[in-house]
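Spelled out from the first residue to the last, the chains are:
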Amino acid sequence: MGGMRLPHGTPEGYRSGSIQRVDIAAGTVEQLYASAGEVPLKGPNDIVFDSHGGFWFTDNGKGTTRQRSVTGVFYAKMDGSSCREVIFPLDNPNGVGLSPDGRTLYVSETPPARLWAFDIVAPGEVALTPGLRGMSGRFVHATAGVAAYDSLAVEAGGNICVATIGHAGITVVTPDGELVEHVPTDDPFTTNIAFGGPELRMAYVTLGGTGRLVRRPWPRPGLALVA
């Protein structure tokens, strides 16, 4: 498998992040958003589409030796007409997904390995609760020990599957936060999961440390990325 690839920070000369639309057939790239109003995008990460012509995405931010971006979660329209920051602040927000009924938004935070749920009250709007960390949602789950949460996907039955760094594998929890199982991988930088194949019962998992994309049968059907 070769040597292990490790994260190495922000490249020199990096300017900003953006949301782009790529036409694979034509080979064209169109930039939709580089900011949300006056808030510049630093490092857009995960994205999930709803049934209202919009999409949610996280901004994981960028860091230097002594600084790290404070970022949040955004909602934008697919036609390029609107992009708003809806949830702020979060600690390195990474994975994002929707419940099967589209009424709950799930967000994972990377270093603390925390999973949050936000009640969606209207397209692009969530209910926020004041707390010590600012405006937040409903705490769902955290993984103890040396671990970090990366991207996530949702099963058709509602379980949330979170790619877990350190504790290598996919952590599967119920909407109430109960641990269903931990599906191990052989790469400590397990970074993403998506479902495909017949009946969406094939899991595609990215392994960042060894630079691989692997697939494996999944015991339960997944949820399509596009609502």
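As the structure is a prediction and not an experimental result, all values here were calculated from the model.

Parameters and conventions
Residues numbered from 1 in each chain as written. Predicted model: local features only at pLDDT ≥ 70, side-chain atom pairs only at ≥ 80, totals over all residues. Heavy atoms only, no water. Pairing = 2+ DSSP bridges. Helix = DSSP H or I, 4+ residues; strand = E, 2+ residues; numbered from the N terminus. Axes fitted to C-alpha atoms, helices over the stretch in contact; angles between N-to-C directions. Phe/Tyr/Trp six-rings, centres within 6.5 Å; stacked < 30°, edge-to-face > 60°. Buried < 20%, exposed > 50% of the residue type's maximum accessible area, 1.4 Å probe, protein only. Polar contact = N/O pair within 3.5 Å; in protein donor to acceptor, adjacent residues only side chain to side chain. Contact = heavy atoms within 4.5 Å. Salt bridge = Lys/Arg side-chain N within 4 Å of Asp/Glu carboxyl O.

1. Thoughts on the sheet that holds strand E16 (residues 148-154)
Thinking step 1. Judged by pairing direction, the sheet is antiparallel, and its four strands sit side by side in the order E16-E17-E18-E19 without closing on themselves. Pairing within the sheet leaves two strands with one partner each, and these edge strands are E16 and strand E19 (179-184). For this sheet the average axis-to-axis angle between neighbouring strands, irrespective of direction, equals 25°.

2. Brief notes about the sheet that holds strand E6 (residues 54-59)
Thinking step 1. An order of E5-E6-E7-E8 is seen for the four strands of this open sheet, with the pairing classed as antiparallel. Where the open sheet ends on each side, the last strands, each with one partner, are strand E5 (44-49) and strand E8 (83-90). On average, each strand axis in the sheet is inclined to that of its neighbour by 20°, with strand direction left out of account.
Thinking step 2. With five bridges joining them, E6 and strand E7 (residues 71-77) adopt antiparallel strand pairing. Bridging from a neighbouring strand, Trp 56 pairs with Tyr 75 of E7.

3. What to know about the packing of aromatic side chains
Thinking step 1. One pass over the structure, following the stated rule, counts six aromatic pairs.
Thinking step 2. A ring pair is formed by Phe 49 and Phe 55, whose centres lie 5.5 Å apart and whose planes are at 55°; its orientation type is tilted. Pair check on accessibility: Phe 49 and Phe 55 agree, each one buried.
Thinking step 3. Judged by centre distance (5.1 Å) and plane angle (10°), the rings of Phe 57 and Phe 74 are stacked. Of this pair, Phe 57 sits in strand E6 while Phe 74 sits in strand E7, placing them 17 residues apart in sequence.
Thinking step 4. You can call Phe 57 buried: its relative accessible area is 1%.
Thinking step 5. The exposure class assigned to Phe 74 is buried, which follows from its relative accessible area of 1%.
Thinking step 6. Through a chain of ring-to-ring contacts, the aromatic side chains of Phe 49, Phe 55, Phe 57 and Phe 74 assemble into a single cluster.

4. Some details on the side chain of Ser 151
Thinking step 1. Looking at the secondary structure, you find Ser 151 in strand E16.
Thinking step 2. Polar contacts involving the side chain of Ser 151 include one to the side chain of Asn 94, which spans 3.5 Å.
Thinking step 3. Contacts of Ser 151, omitting those with residues within four sequence positions, involve Asn 45, Asp 46, Asn 94, Gly 95, Cys 161, Val 162, Ala 163, Thr 191 and Asn 192.

5. Some points on the pairing of strand E2 (residues 28-33)
Thinking step 1. Strand direction decides the pairing type here: strand E1 (residues 19-23) and E2, joined by five bridges, are antiparallel. Residue pairing across strands places Val 22 opposite Val 29, the latter belonging to E2.
Thinking step 2. Linking two consecutive strands that pair antiparallel, namely E1 and E2, is a turn of four residues; a positive phi of about 75° is found at Gly 27 within it.

6. Things to note about the pattern of salt bridges
Thinking step 1. Under the defined criterion, the tally for this structure stands at seven salt bridges.
Thinking step 2. Residues Arg 138 and Asp 119 are paired through a salt bridge, measuring 3.2 Å at the closest nitrogen-oxygen approach. Here Arg 138 is found in strand E15 (residues 138-142), whereas its partner Asp 119 is found in strand E11 (residues 114-122), with 19 residues between them in sequence.
Thinking step 3. Overall, Asp 119 belongs to the partly exposed group, its relative accessible area being 36%.
Thinking step 4. Between Arg 212 and Asp 186 there is a salt bridge, with its nearest N and O atoms 2.6 Å apart. Of the two residues, Arg 212 sits in strand E22 (residues 212-217) while Asp 186 sits in the loop between E19 and strand E20 (190-196), which places them 26 residues apart along the sequence.
Thinking step 5. For Arg 212, a relative accessible area of 25% gives the class partly exposed.
Thinking step 6. Through salt bridges with shared partners, a single ionic network connects Glu 155, Glu 181 and Arg 220.

Fair warning: the whole summary comes from geometry, so function is off the table for now.
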